[in-house]
Each structure stands twice: as C-alpha cells, then as structure tokens.
Amino acid sequence: MATQKDIARLAGVSVSTVSAVINGTTHTRMSDDTRTRVEAAIAELAYVPNDAARALRRRHAGTIAVVVENLENPVYKELLEGIYEAAEERGWAIMLGDTMWMNSGSHFLARLLGQGSVDAIVLRTGELLDEEVMAALRSHPTPVVLVEYQSHHNGAWVSADEAAAGRVATEHLIEAGHANIAFVGGHEIHPVNPRHDGYVSALTRAGLAPRPPLFTGYGAQAGAAGLAMLQSGHAMPTAVVVNNVVSALGLLAAAADAGIEVPRELSVVGIHDAEIAELVRPRLTTVHLPMRVLGIRAVQQVSALLSGEAPRGGVISEPPPYVIPRESVRPPIR
C-alpha cells in the first residue's frame, strides 16, 4: 500500500507538501505545477487515505453510516432522500449498510465502531438487533441515532408519531362503517406497540372492542401468516389494520389465494406508504408517515451530537400521519 513518503519521492516534493494536497490545506504555499505533480503521483500510486488517522487529525471523518433492516424495503425511499439531502447540506458522505451484517463480532460492526471511518451511525429498527450489539453501540463513543424507534434509554432517537398512524388507519375504517377490525403485524414492544396502541385508542373512543393483536412480525410473510390466523379464528373481521405496507401486500396476496375478495369481504389499510401500493390490485389504502422529515431530523440529531449536545429523543408531530385512500377499503357487507 502506497504511503505519503512514496508519493513525495515520486513527485520530488516534501512529505508536508503531499499532506497539504491530500488534506486540502490552504495555508501551505505551492505552485500549480507542484500540486499537479503531487496529484499525478497520488493517482499513479492509487493512494488510499487512512480514514482513522485523518479523523483523529480533523476530529471528524465527514461520513455517517446509515444502517437499516432489509435494504430492499420500499419504505426507505423517502427516509433515505431526507438523510442524503441533510447530509449533502453539511458536506457529509453516507455509508449505507444492512442490519443483517451487524452481528456481535462481525467485521461490519467492528469497522463501524473501531476504524474511525464514520462520525456517527443512524440506525433503523434497533429493537430487532440482539442485546449484545445494542450494548456495544451504547458503550462506544461513536454517536448513534435510532430512527423510527422510541427508546426508553437516555439515547438519541427520532420517530414519527406511530400511535397517530395506528389511530388514523383505524379511524378510516370506522368512518367506512366497520366495527369488527383486527390488527396484524409488527412485534410486541414493552410497554406498548405504538401503532397497536393507536388502533386500540381509536376503537375505544368509538365505543368498539379491540380484537387481540396478531404480532406476526414484518415482511410479506407476516401479512400472510396474519390472514391465516384470522381465518382459523371463530369469526373473520370485516377489516384489518396491517402494521406495515409490505405485510399488507403479503396479506392481499394471501387473501387472493384464499378466495377472499378485497375489499368486498375484507377491507385493508397498511401503515406506511410506498409506490408499490399503487401497482397492486386492488390499490392499497395506506397511511403516509413523514419519512423524509424523519431522515432530515436524524441528521440534525447527528449534527447536534457532534457539536457536543446531550442526546435526546423526539416524536415528530408535524406533519402528522394521514390516510391515502385507494381501493382496498369499502363499507362492510350488511
């Protein structure tokens, strides 16, 4: 691996001159010819800067890691747009990763925490990581901002109004005339799952009884599993709130396979919105969450932490979640 000494030898300059070119130092005087020779030597030797050493000198590497579960999930589009937009304004680069590689003892986790190549980590769905990983993240000086996760620790986090999302989804079904409404998907989170809490709140206010939640997890298979559990029960609901849009798509597919007509026999609302909701038939009614704003706020949290501010958490109340009505909801059959 080439060093700054190798570059200096090839370009016929001092190591301090090479360092000035690499680090963009403006107070070191040099001619345009000298700078050109150094840059040509850097290219010829394929020099790669030592991020850890540069981070120590500059205090910041200028890069933040964004780690999410399942990079293929379509709900990340707006979130990542917000993160990239806010990072670009600050001159930061983004390192994108998947939580499937963030295991205790993994090279990915070691690089994030031990190489000085990132200034902070923006992490979505911390509740799905094992406790060893979370403990390593909390104990390490690299700042971590949890996104779409309401932490009970004194850490940095930012979340959409998850309870409001569950509430407006359920209210939309109640307004359509449904009284027998189920909740499917997600995990049981202590003390409460905020989206399920919003579902319960809306039904209680309307004088209706919530059904026991079916916490089947995430992904398309979670929606299919939820439908199978509803079918195996004593009475099918007339409508269902699904914890996330991907699970809702899985439930729609399972309903079609089972000969259940949506929305004539079963109305469906999925929390989160994605372009694919427009492409399925029937088009899926969804709840839009302010994911782009969430991404921007996460980067603002990172900026505050790097400036020495204490970590804090916060729920985004403006703009609030709202329903995008499509074709998967209609009044129940009388």
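Refer to the structure above for everything that follows.
The structure contained in this document is the topic of the report that follows. This is a predicted model, so every value here is computed, not measured. (Residues numbered from 1 in each chain as written. Predicted model: local features only at pLDDT ≥ 70, side-chain atom pairs only at ≥ 80, totals over all residues. Heavy atoms only, no water.)

For strand S1 (residues 63-68), the tally of buried residues reaches six of six residues, placing the bulk of the element in the interior. Where burial is concerned, the two faces of S1 agree: the one with Thr 63, Ala 65 and Val 67 and the one with Ile 64, Val 66 and Val 68 are both buried. Bridge count for S1 against strand S2 (residues 93-98) is six bridges, and the pairing is parallel. Its bridge partner lying in S2, Ile 64 is registered against Ile 94. Crossover handedness for the path S1 to helix H5 (residues 76-89) to S2: right-handed. Sheet topology note: the S1/strand S3 (residues 120-124) ladder contains four bridges and is parallel. (Buried < 20%, exposed > 50% of the residue type's maximum accessible area, 1.4 Å probe, protein only. Helix = DSSP H or I, 4+ residues; strand = E, 2+ residues; numbered from the N terminus. Pairing = 2+ DSSP bridges. Right-handed = clockwise from strand over helix to strand, strands pointing away.)

This brings us to the sheet that holds strand S6 (residues 181-184). Strand order in the open sheet formed by five strands is S6-S7-S8-S9-S11, with mixed pairing between adjacent strands. What marks the edges here is a single partner per strand, and that holds for S6 and strand S11 (322-324). Averaged over neighbouring strand pairs, the angle between their axes works out to 25 degrees when direction is ignored. Note: strand S9 (residues 285-288) against S11, three bridges, orientation antiparallel. Residue pairing for S11: Val 287 is matched across the bridge by Val 323. Seen against the sheet, helix H9 (residues 194-205) touches S6, strand S7 (239-242) and strand S8 (267-271) and runs at an angle of roughly 170 degrees to S6. (Axes fitted to C-alpha atoms, helices over the stretch in contact; angles between N-to-C directions. Contact = heavy atoms within 4.5 Å.)

Where helix H8 (residues 162-175) contacts H9, the axes come no closer than 6 Å and their chain directions differ by 40 degrees. The pairing of H8 with H9 is recorded here as oblique in orientation. As for the relative orientation of H8 and H9, their crossing is right-handed in sense. Where H8 approaches H9, its residues Glu 162, Ala 163, Gly 166, Arg 167, Thr 170, Glu 171 and Ile 174 are matched on the opposing element by Pro 194, Arg 195, Gly 198, Tyr 199, Ser 201, Ala 202, Leu 203 and Arg 205. (Parallel < 35°, antiparallel > 145°, perpendicular 65-115°, else oblique. Left-handed = near helix turned anticlockwise from the far one by under 90°.)

By size, the foremost hydrophobic cluster in this structure holds 68 residues, and its most contacted members are Val 240, Val 268 and Val 287. In terms of residue count, helix H12 (residues 291-306) provides more of this core than any other element does, nine residues in total. Beyond its immediate chain neighbours, meaning those up to four positions away, Val 240 contacts Leu 173, Ile 181, Ala 182, Val 184, Leu 230, Leu 251, Leu 266, Ser 267, Val 268 and Val 269. By size, the runner-up hydrophobic cluster in this structure holds 16 residues, among which are Ala 65, Leu 112, Ile 121 and Trp 157. (Core = buried A, V, L, I, M, F, W, Y, C linked by side-chain atoms within 4.5 Å.)

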